[in-house]
Amino acid sequence: MHKLAKLKTPIFWAEGHPGQLIRENWTIEVSGLCESPKTFTWADLQSMNKTIADARLTSVTRWSVRGNWGGVRLSDIMDSVKASPKVKYLRFWSYGSVYDTSIPLAIARQEKTLLAWEFDGEFLTEDYGGPVRIFCPYLWGCKSAKSVIKIELTDKYHPGFWEK
Ligand SMILES: Nc1nc2c(c(=O)[nH]1)N[C@H]1C(S)=C(S)[C@@H](COP(=O)(O)O)O[C@H]1N2
Ligand SMILES: [Mo]
C-alpha cells in the first residue's frame, strides 16, 4: 500500500480518475512568458537538482498529510525556461486538460514549491497525482494540481476549476 494511503490521504480527482499513466513517457510543457519554452520529459526532470521538502499538504476539507515530498523546485524550472520578468502567475493543467489552477509567482518561487514525483521516498501513484504533480505547502491543497501536463507562465490571473 502506498505510504499516502497508509496515512489515509483522501484521493481527490474532481474531473474523474485518469487511470494508468506511464511515468517514463511523461512530459510537461512549460510555455507562455519565457525566452526558451521547453517540454520536460521524465528523464529531464530526473537529471535536474532534486529537492526534498518536509512539509504538509492541507485541504480546505480539513485533512492534511505531512512527509518528505521530492521533486524539482518550480523556481529551477522557471530559470531553465528563462521566465520573463512580466510573469505574475503560473497556471497548471492536469492530465485531460479539465482541471487547472493558478498561483502567484512569489509563491511558486518559494523553496518548498515543487514539481513533485515522490513522497517519503516512494514514487507518486496516479491516485496521488503521479507521475508528477505540483506540491505547494503555502496554499490550500487545491493549488497542488495532480498529474501535471502543462505549465503556462502568464501576467493575468485565470480562475481555476474550483474557483469556477
Ligand atoms: N487534477 C486534480 N488535481 C487536484 C485535485 C483534483 O480534483 N484534480 N484536487 C485538489 C485538492 S482540492 C486537493 S486537497 C489535493 C488533494 O491531493 P490528493 O488527492 O493527493 O490527496 O489535490 C488537488 N489537486
Ligand atoms: Mo482540497
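All values reported here derive from a predicted model rather than from experimental measurement.

A. Layout of the environment of I22. Summarising the element assignment, I22 is placed in the loop between α1 (3-6) and β1 (27-32). Residues I22 and P131, 109 residues apart in the sequence, show an inter-C-alpha distance of 7.3 Å.

B. Layout of the packing of aromatic side chains. A full pass over the atoms with the stated rule returns nine aromatic pairs. Ring geometry for W42 against W117: centres 6.0 Å apart, planes inclined by 70 degrees, an arrangement best described as edge-to-face. Of this pair, W42 sits in helix α2 (residues 42-47) while W117 sits in strand β7 (residues 114-119); the two residues are 75 residues apart in sequence, bridging distant segments of the chain. Of the residues examined, W117 reaches a relative accessible area of 2% and is grouped as buried. Relative to Y157, the ring of Y89 has its centre 5.2 Å away and its plane inclined at 65 degrees; by these criteria the two rings are edge-to-face. Remark: Y157 occurs in the segment after β10 (148-154) and Y89 occurs in strand β5 (residues 89-94); sequence separation between them is 68 residues. In this structure Y157 comes out as partly exposed when scored by relative accessible area, which is 35%. Ring pairs connect the aromatic residues W42, W117 and F123, which therefore count as one cluster.

C. Region of interest: the pattern of salt bridges. One pass over the full model with this rule turns up eight salt bridges. For D100, the salt bridge is made with R91, and the minimal N-O distance between the two is 3.0 Å. We note that D100, like R91, is buried. Between K156 and D155 there is a salt bridge, with its nearest N and O atoms 3.5 Å apart. Of the residues examined, K156 reaches a relative accessible area of 54% and is grouped as exposed. One continuous salt-bridge network, built from bridges that share partners, spans R91, D100, K150 and E152.

D. View of the site of ligand 1. Of all residues adjacent to ligand 1, which total 20 residues, the nearest are P10, A14, E15, R133 and K146. The backbone of A14 places a nitrogen or oxygen atom 2.8 Å from an oxygen atom of ligand 1. One nitrogen or oxygen atom from the side chain of R133 is found 2.8 Å from an oxygen atom belonging to ligand 1. If ligand 1 stood free it would expose 540 Å²; the protein chains cover 98% of that surface. Split into classes, the residues belonging to the shell around ligand 1 amount to twelve nonpolar, five polar and three charged.

E. Inspection of the sheet that holds strand β2 (residues 38-41) at higher detail. Ordered by their spatial adjacency, five strands build an open sheet running β2-β1-β10-β5-β6, and the pairing between neighbours is mixed. Strand pairing shows two members of the sheet lacking a second neighbour, β2 and β6 (100-104), which therefore form its edges. Strand after strand, the sheet turns through a mean of 20 degrees between neighbouring axes, direction not considered. Here β1 pairs with β2 via four bridges, running antiparallel. In the sheet register, V30 faces β2, and the bridge partner there is K38.

F. Fine view of the nonpolar core. Formed by 29 residues in total, the largest nonpolar core has its most connected members in I28, L45, L74, L90, L115, I151 and L153. If you list the elements that add at least two residues to this core, you get β1, α2, α3 (74-80), β5, α4 (105-108), β7 and β10. If sequence neighbours within four positions are ignored, I28 has contacts with K38, T39, F40, L45, L115, V132, V148, I149, K150 and I151. Residues W63, L114, A116 and F119 belong to the second largest nonpolar core, which totals 13 residues.

Rules and cut-offs
Residues numbered from 1 in each chain as written. Chains lettered and ligands numbered in written order. Predicted model: local features only at pLDDT ≥ 70, side-chain atom pairs only at ≥ 80, totals over all residues. Heavy atoms only, no water. Helix = DSSP H or I, 4+ residues; strand = E, 2+ residues; numbered from the N terminus. Phe/Tyr/Trp six-rings, centres within 6.5 Å; stacked < 30°, edge-to-face > 60°. Buried < 20%, exposed > 50% of the residue type's maximum accessible area, 1.4 Å probe, protein only. Salt bridge = Lys/Arg side-chain N within 4 Å of Asp/Glu carboxyl O. Near = heavy atom within 4 Å. Polar contact = N/O pair within 3.5 Å; in protein donor to acceptor, adjacent residues only side chain to side chain. Areas by Shrake-Rupley, 256 points an atom, 1.4 Å probe, with all protein chains shown as cover. Nonpolar A, V, L, I, M, F, W, Y, C, P; charged D, E, K, R; others polar. Pairing = 2+ DSSP bridges. Axes fitted to C-alpha atoms, helices over the stretch in contact; angles between N-to-C directions. Core = buried A, V, L, I, M, F, W, Y, C linked by side-chain atoms within 4.5 Å. Contact = heavy atoms within 4.5 Å.

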